[in-house]
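Residues per chain, in single letters:
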Amino acid sequence: MSDLMRRIPLPLRLDCLSVASYHGRAETTGEVIFKQVALPDVVDRHILILDDILDSGQTLAAIREKLETAQPRSIRVCVLLQKKKERARPVDADYVGFEIEDEFVVGYGLDFMERYRNLPCIGVLRKELITQSN
């Protein structure tokens, strides 16, 4: 996100939403939890939702629906990675950095159970690391 933010030459405001749907697993549980009490003020504003990865679509669809209730002027979605797979919920990204296969990836901010975010690159997590944590 910080790499992208430095390239946007417009005045902007950044708000962060804390949302969880994986709950320590390698696949989404389908339950999307918003961890903050109130949404940012987005009435009549243009919104760009930035997310690390478009996987099942559960989280992005829930975020979009929640923000639409606050009556923004427009909503666009930008993801760093988009998995080549069928989505559980219909959601599309307007802007995609890279399209990847359906594998669990970590690094460059992406985590597995709060680990590996600090890796300077994106890599596929070895399957035995996923199964050891179950």
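Rules used in this analysis
- Residues numbered from 1 in each chain as written.
- Predicted model: local features only at pLDDT ≥ 70, side-chain atom pairs only at ≥ 80, totals over all residues.
- Heavy atoms only, no water.
- Salt bridge = Lys/Arg side-chain N within 4 Å of Asp/Glu carboxyl O.
- Helix = DSSP H or I, 4+ residues; strand = E, 2+ residues; numbered from the N terminus.
- Buried < 20%, exposed > 50% of the residue type's maximum accessible area, 1.4 Å probe, protein only.
- Pairing = 2+ DSSP bridges.
- Right-handed = clockwise from strand over helix to strand, strands pointing away.
- Patch = residues over 30% accessible without salt bridge, like charges linked within 9 Å, V, L, I, M, F, W, Y side chains within 5 Å.
- Areas by Shrake-Rupley, 256 points an atom, 1.4 Å probe, with all protein chains shown as cover.

Draft legend 1. Geometry of the pattern of salt bridges. Evaluated as defined, the whole model comprises 13 salt bridges. Notably, a salt bridge pairs Asp102 with Lys83, separated by 3.7 Å at the nearest N-O pair. One end of the pair, Asp102, is in the loop between β5 (95–100) and β6 (105–106); the other, Lys83, is in strand β4 (residues 74–83), with 19 residues separating them in the sequence. Its relative accessible area of 5% is what places Lys83 among the buried residues. Salt bridges linked by common partners bring Asp55, Lys83, Lys85 and Asp102 together as one network.

Draft legend 2. Structural view of the pairing of β4. The element β4 is largely enclosed, with a buried count of eight among its ten residues. Where strand β3 (residues 46–54) meets β4, eight bridges bridge the pair, whose relative direction is parallel. Across the sheet, the residue bridging to Leu50 is Cys78, located in β4. Between the parallel pair β3 and β4, the chain is carried across by helix α2 (residues 58–68), and the sense of this crossover is right-handed. Relative to β5, β4 is paired through five bridges, and the arrangement is parallel. The residue bridging Leu81 from the neighbouring strand is Phe98, located in β5.

Draft legend 3. Just a nonpolar patch on the surface, in detail. A cluster of nonpolar side chains, Met1, Leu12 and Leu14, forms an exposed patch at the surface whose accessible area comes to about 300 Å². Secondary-structure assignment places Leu12 in the loop between α1 (2–5) and β1 (19–20). Take Leu12: its relative accessible area is 45%, and that puts it in the partly exposed class.

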